[in-house]
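Observations on the model geometry
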Amino acid sequence: MQAVIPFPHLSSEVFSISLFGMEFALRWYALAYIAGILIAWRLAVAAVKRPALWPASGAPMTPKQIEDLLTWIILGVILGGRLGFVLFYQPAYYLSHPAEIIMVWQGGMSFHGGFLGVVVASWAYTRQQGIACLPAADLIASSVPPGLMLGRLANFVNAELWGRPSDLPWAVIFPGVAAQDCPGVLPGLCARHPSQLYEAALEGLILGALLLWLVYRRGAFKRPGLVLGSFIGGYGIARFIVEFFRQPDAQFVTPGNPLGLALHLNGYGLTMGQFLSLPMILLGLWFIWRARKATA
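Residues numbered from 1 in each chain as written. Predicted model: local features only at pLDDT ≥ 70, side-chain atom pairs only at ≥ 80, totals over all residues. Heavy atoms only, no water.

**Here's the deal with the packing of aromatic side chains**
Let me state the cut-off plainly: Note on aromatic contacts: the rings of Phe and Tyr and the six-membered ring of Trp form a pair at centre separations within 6.5 Å, being stacked when their planes are under 30 degrees apart, edge-to-face when over 60 apart, and tilted otherwise. Two conditions define a charge located above a ring, namely a distance within 6 Å from the ring centre to NZ of Lys or CZ of Arg, and an angle within 35 degrees of the ring normal.
Following the criterion strictly, the structure yields ten aromatic pairs and no others. Ring plane angle 75° and centroid distance 5.9 Å describe the contact between Phe240 and Phe244, whose orientation is recorded as edge-to-face. Members of the aromatic cluster, joined through ring pairs, are Phe7, Phe156 and Phe174. In this arrangement the basic side chain of Arg42 is found over the ring face of Trp41, its NZ or CZ atom lying 4.7 Å from the centre.

Next up, the structure:
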């Protein structure tokens, strides 16, 4: 018998209560967002309170400014994440159903869109406050990975964004008709790569540890743009790798394109996630090169 792991009995809700005839629930995904934002806030505040981490000019922001920036970032994540999903993944559908664009509670968020939303929101706030943009971006980037890790763990709990069919010993039998729809797989339960856990490890744990090492051991904040470039490039590389194991987006899968490649020629190409990650890798490398050149 195939050695795989049954999906644990996990609820997508932390708890639910009934008030005035209506059901209110706190879901793990929402809790992951909240916890990720709180952890990022505390990491950023801790960093600006350590003068030795910064060049002679000091930290770019005060703890109070970090608190104010959080509101802007939350809006950037929600608006950017949703609009990114609409534009990058299902533009035709939402063009036909524009009223559903605002229905974020039905799911559908894009990291790449959320990233762009945070960039725009942070740029607008720092410009308004007269804050040096690049050091502030380094500070924000250094605190993001824990939230990414929690978000991917929430994806696993929700049994969503699972990977391609697999017979590896750690493959997981995810519940649901869609997860069990595995053409070409032998009869029986279909196991898949737990790609959410791969992403939690690469984007959250490993990337986060790398950034903290750069900040606290290598003095990376003294080289404006180095932490930002490491985060952008590191995320792009992690996402590019995991895309080989993620289940392709359904809207790209056709009989002639079973791998769900967004761009392809004769069976070779890139998924949408890989295509969107390439500019991040190149941009990250450019920021790293720029930071090292400026302080050489």
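Having seen it, we continue.
**Some points on the pattern of salt bridges**
Rule in force here: For salt bridges, the criterion is a side-chain nitrogen of Lys or Arg within 4 Å of an Asp or Glu carboxyl oxygen. A run of DSSP states H or I qualifies as a helix once it reaches four residues; a run of E qualifies as a strand once it reaches two. Both are numbered from the N-terminal end. Buried, partly exposed and exposed residues are distinguished by accessible area as a fraction of the type maximum, computed with a 1.4 Å probe on protein chains only: under 20%, between the cut-offs, and over 50%, respectively.
Applying the stated criterion to the full structure yields six salt bridges. Put simply, Glu199 and Arg246 hold a salt bridge, and the shortest N to O gap is 3.3 Å. Here Glu199 is found in helix α7 (residues 195-218), whereas its partner Arg246 is found in the loop between α8 (226-242) and β5 (263-265), with 47 residues between them in sequence. The same class applies to Glu199 and to Arg246, which are both buried. For Arg239, the salt bridge goes to Glu243, with nearest N and O atoms at 2.8 Å. Considered together, Arg239 and Glu243 belong to a single accessibility category, that of buried residues. Connected via shared salt-bridge partners are Arg152, Glu199, Glu203, Arg239, Glu243 and Arg246.

**Re empty space enclosed by the protein**
For clarity, the threshold we go by: A 1.4 Å probe that fits into a set of points on a 1 Å grid over the protein atoms alone but cannot get out defines a cavity; an open set with protein on both sides within 12 Å along at least five of seven lines defines a pocket, and lining residues are those with an atom within 4 Å of a point. Grid points are joined across faces, edges and corners, and a volume is the space filled by probe spheres set on the points. Under the convention adopted here, Pro, Cys and the residues Ala, Val, Leu, Ile, Met, Phe, Trp and Tyr are nonpolar, Asp, Glu, Lys and Arg are charged, and Gly plus all remaining residues are polar.
Tallying each qualifying case throughout the model produces one cavity of 30 Å³ or more. When its volume is computed, the largest cavity comes out at roughly 50 Å³. Lining of the largest cavity is provided by Leu43, Ala44, Ala47, Ser142, Leu212, Val215, Tyr216 and Phe221. Taken together, the elements giving at least two residues each to the lining of the largest cavity come down to α1 (28-48) and α7. Its residues assigned to classes, the lining of the largest cavity shows seven nonpolar, one polar and no charged.

**A word on the environment of Gly113**
Threshold: The contact definition used throughout considers only heavy atoms, calling two residues in contact when any of these lie within 4.5 Å.
With respect to the helices, strands and loops of the structure, Gly113 is situated in helix α4 (residues 111-129). Not counting the four nearest positions on each side in its chain, Gly113 is found in contact with Gly80, Gly81, Gly84 and Phe88.

Don't take any of this as a statement about function, it's just geometry.
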